Amino acid sequence: MKKFEIHTITESAGFGSMKEKLNGRVEQFLNEKGNAGYEIVSVSFTYYEGAELIAFIILCR
């Protein structure tokens, strides 16, 4: 039976650099989890009130 995990990573910053900073953090997180044997099910991004960019990540093992 697969065990699913949901993670969120947020970034608040100036609009231009917010995407780049969050992409870097998400990439590092996914590399760590992938090396630990997790399967990446889904990664999606959304803005919250224009002030935060949020990554929703679903993993399974």
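It should be noted that the structure appears before, not after, this text.
This write-up is about the structure you can find in this document. (Residues numbered from 1 in each chain as written. Predicted model: local features only at pLDDT ≥ 70, side-chain atom pairs only at ≥ 80, totals over all residues. Heavy atoms only, no water.)

**Re the sheet that holds strand S2 (residues 39-48)**
The criterion, for reference: Note on pairing: DSSP must find at least two bridges between two strands before they are called paired. To qualify as a helix, a DSSP run of H or I must reach at least 4 residues; to qualify as a strand, a run of E must reach at least 2; elements of each kind are numbered from the N terminus. Lines fitted to C-alpha atoms define the axes, with helix axes restricted to the stretch in contact, and inter-axis angles between N-to-C directions lie between 0 and 180 degrees.
One open sheet holds the 3 strands; their spatial order is S1-S3-S2, and the pairing between them is antiparallel. Of all the strands in the sheet, just strand S1 (4-11) and S2 have a single pairing partner and so form its edges. For this sheet, the mean angle separating the axes of adjacent strands, direction not counted, is 15 degrees. By the bridge criterion, 9 bridges tie S2 to strand S3 (residues 52-60) in an arrangement that is antiparallel. Of the residues in S3, the one forming a bridge with threonine 46 is isoleucine 54.

**Details of the nonpolar core**
Which entries qualify depends on this criterion: As used here, the term nonpolar core means buried Ala, Val, Leu, Ile, Met, Phe, Trp, Tyr and Cys residues forming a set that is joined through side-chain atoms within 4.5 Å. We call a residue buried when its accessible area falls under 20% of the maximum for its residue type, exposed when it is over 50%, and partly exposed in between, using a 1.4 Å probe and counting protein chains only.
Within the largest apolar cluster, 11 residues are counted, these being Ile9, Met18, Leu22, Val26, Phe29, Leu30, Tyr38, Leu53, Ala55, Ile57 and Leu59. Those elements that place two or more of their residues in this core are helix H1 (15-35) and S3. The element contributing the most residues to this core is H1, with 5 residues.

**Some details on the packing of aromatic side chains**
The following threshold applies: Here is the rule: rings of Phe, Tyr and Trp (six-membered ring for Trp) pair when centre to centre is within 6.5 Å. Planes less than 30 degrees apart are stacked, more than 60 are edge-to-face, and the remainder are tilted. Geometrically, a lysine NZ or arginine CZ counts as sitting over a ring once it is within 6 Å of the ring centre and also within 35 degrees of the ring normal.
In this structure the tally under the stated criterion is 0 aromatic pairs. Positioned over the ring face of tyrosine 38 is lysine 33, at 4.6 Å from the centre of the ring. Directly above the aromatic system of tyrosine 38 lies the positively charged group of arginine 61, at a separation of 4.6 Å from the ring centroid.

That is the geometry; function is a separate question.
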